[in-house]
Amino acid sequence: MKRVVSVLPSATEVLCVIGGEGLLVGRSHEDNYPASITDRPVLTGQVTNKEWTSAKEIDKQVSQFLKEGKSLYTLDEVLLEQLRPDVILTQDICAVCAIDLDTVHRVAKSIFPPPKVVSLDPQNLRDVLDDLELVGHAVGLHPESVEARAKFEARVRNAVARACSAMMSQPNYKRPTVAFIEWSDPIYVGGHWTPQLISMAGGQHPLNPVELPSDADVRSVANGEKDPLELWGWDNPETRASGKKVGAGKSFAVPSQSVVDCNPDHIIICCCGLKIDQTKKEADMLWGKSWFRDLRAVKNGNVHIVDGDAMFNRPGPRLVDALEWLVSVLHGIDEIRPKDFPVERFRPPSPSAGPDNAVATQKLKDIEDAHMSACAANKWTYKDPDTGYTVITELSHRKRGYCCGHRCRHCPYGHFNVLPENRLNSVKAPVYLSHRKDTIAARHDAGTTTEQETGGTDVLFWSGGKDSFLTYLHGSEEGRWNQGKENDGTKHRNVVLLTTFFEHSGMIQHQGIHHHEVMNQAKSLGLDLILAPLPQHNSIEEYLAAVESGIALCRKDGDLKCLFGDLHLADIRAWREQNSLHACEFPVFGKEYSALLDKLFTSEKVVSITVTASSVPEVTVGTPYTREFVASLPSHIDRMGENGEFHTYVKIRPTGTPAVVPK
């Protein structure tokens, strides 16, 4: 049985995952995973300051050592000889991350018999999985390494396929931009495998990019026509030799202006070797800089703090966890997120967090204090304490009742009527979105009689798919609602759509679409929309609370009913009735499928219907939902996907009702 020493944490993880933990007789001072190996003798140590100070100070020390040609680490040569290893696992990818290869070779030559030195030098995720077999060969566990690799590749295939399906399910999908900050002062952006992981998950990393696959290739994967690994030249010798579609080169420093110019949709702060608590302090320091506070990702709450000692920076098996987490973040696919992934959402520090942060946040605090005071005094505007400009309060926006489209500072409507690429605000609480002046006036004349009184309000639970659309068609054809009707004295009911979505990603659970698509549907129908954000890991209680908070925004005249598009699942219907605080109706429940499909396929409001999510291999994401598609379904798949086999998105023909953008 081989005796193995590892002076590289990622190599130790590789050894353990292929079943070689029992072979390990010595480790590096940074080895801490799995926890069961921490009882092994420690062979290395660091020369730089062992007490954490700041990213800036550590960078100074490291730069000085490298400039003088000194090693950052020590190696206990006497202990290494006493351990009599047959194999030493090390690396040659980064002189900052672990002891250098030359030192290991020099010491190994002095031992008799000399141990075999195995150096790992991965540039991308495929190389990392190659290392499983490399180590397996070296330590006599090759069959085990092949089996382990197959399991990890299966997870990679699934993650990439899920990402491709999510991308193709959205019309005109645009890859979100991600800035991966590997070190905070100076700013180093992610390199090697990290930009590749981001791209494999459906994003892009403009600060250190990799070549992206074509939309046609992504669609082929989504349709099940291409192996997801082929997108990244996994088994292509030519691609492998050319270096295309693999890693992105080493991490490097960039000026803050580069991050500003990128203005990413997401920021991942994952400082190499730092735990979350240390990284949070560095993020707080970044918050003290105005350029950072003005970034889109910061304003939208899309800054993620990841444990840089465990994830991304170690080129080991847990990079697959990182890939799955990225897919969950970028597409809202919660079920693929690894359990206990070490990440926290960044929260700006309070002024009491320290003198530097107090200075950095004072202006913002003054602005917020002025805003809150103005709202408490029922004022519509206040003076910016820094510039003296007049600023409209949130109270004024809510009084008006809709987004004006001018990208206002305190807009509570998520900049609903601002072009998507120019939106800065995000919806942080349940909000009523309206773009029609008559609806706005009716909602906000609380307790008064409007030009046309209603006979109550229907809250139509809206997923963006065909079932909720059929429910809308049913009520519209019955003449149930006052939409588009003259004031004939009849008290027709008002109707408003309600959608819940994941706050962190904007995706609607199970549907595979972004809530912006629902906004487009509401505008096309000329209806108001309630958006109720949910936490990523929400309980039933949290879901029900979000729904009730949204319903509370509706008008209170007349009775209120909740409408659902369930078709025949009695248990789901019973659950809704038991948990709703309001009367429930199920207008299309129990209706003949043939009648529903006729109504759907003959509606003049439908432009197209597309499958946006699927849980069965017989149904491909991106497939048009047509009569031919329904007829082709095998008998064990519900024609409407009522058992969760698939979900759809209905593109609706606009009614001609324009968004309200005051001149």
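Within every chain, residues take consecutive numbers counted from 1 along the sequence as written. It should be noted that, the model being predicted, local features are given only for residues of pLDDT at least 70 and side-chain atom pairs only at 80 or more, the latter also being counted only at that level, while totals for whole chains, interfaces and linings use all residues. Side-chain calculation: all heavy atoms of the structure are included, whereas hydrogens and water are not.

**Student:** Could you give me a rundown of the nonpolar core, with the residues and numbers involved?
**Tutor:** As used in this record, nonpolar core signifies buried Ala, Val, Leu, Ile, Met, Phe, Trp, Tyr and Cys residues forming a set joined through side-chain atoms within 4.5 Å. The buried label applies to any residue whose accessible area, calculated with a 1.4 Å probe on protein chains only, is under 20% of its type's maximum; exposed applies above 50%, and partly exposed to all values in between. Core analysis: the biggest nonpolar cluster contains 69 residues, and V139 and F312 have the highest contact counts within it. The greatest single-element share of this core, amounting to ten residues, is contributed by helix 6 (residues 142-168). Only heavy atoms enter the contact rule, under which two residues are in contact if any of them lie within 4.5 Å. Excluding residues that lie within four positions of it along the chain, F312 makes contacts with F180, W193, T194, L197, C270, V306, L319, A322, W325, L326 and F341. L460, W462, W481 and Y593 belong to the second-largest nonpolar core, a separate cluster that totals 51 residues. Secondary structure counts use DSSP, requiring at least four H or I residues in a row for a helix and at least two E residues in a row for a strand, with both numbered from the N terminus.

**Student:** Provide a residue-level description of the environment of V630, including the pertinent values.
**Tutor:** Its location among the elements puts V630 in helix 23 (residues 627-632). For V630, a relative accessible area of 8% gives the class buried. Through-space distance from the C-alpha of V630 to that of L597 is 9.2 Å; in sequence the pair is 33 residues apart. Beyond its immediate stretch of four places on either side in the chain, V630 contacts L597, F601, Y625 and R639.

**Student:** Give me the sheet that holds strand 5 (residues 87-91): which residues, what numbers.
**Tutor:** Strand order in the open sheet formed by four strands is 2-1-5-6, with parallel pairing between adjacent strands. Strand pairing shows two members of the sheet lacking a second neighbour, strand 2 (24-26) and strand 6 (116-120), which therefore form its edges. On average, each strand axis in the sheet is tilted by 35° relative to the strand beside it, whichever way the strands run. At least two bridges found by DSSP between two strands is the condition for calling them paired. In this sheet, strand 6 lies alongside strand 5 in parallel orientation, the contact comprising five bridges. Within strand 6, the residue paired with Q91 across the bridge is L120. Fitting a line to C-alpha atoms yields each axis, with helices limited to the stretch in contact; the angle taken between N-to-C directions then spans 0 to 180 degrees. Against the sheet, helix 1 (residues 9-17) touches strand 1 (4-6), strand 2, strand 5 and strand 6, its axis set at about 140° to strand 1.

**Student:** Would you mind going over the sheet that holds strand 19 (residues 560-563) in detail, with residue names and values included?
**Tutor:** Strands sit in the order 15-18-17-16-19-20 across an open sheet of six strands; the sheet is mixed. Each having just a single partner strand, strand 15 (431-433) and strand 20 (583-585) make up the two edges of the open sheet. Between one strand axis and the next, the sheet turns through 30° on average, direction left out of account. Pairing between strand 19 and strand 20: three bridges, direction parallel. Within strand 20, the position partnered with L563 by the bridge is E585. Each of strand 16 (457-461), strand 17 (494-502), strand 18 (528-534) and strand 19 touches helix 20 (residues 540-551); the most contacted strand, strand 18, lies at about 150° to it.

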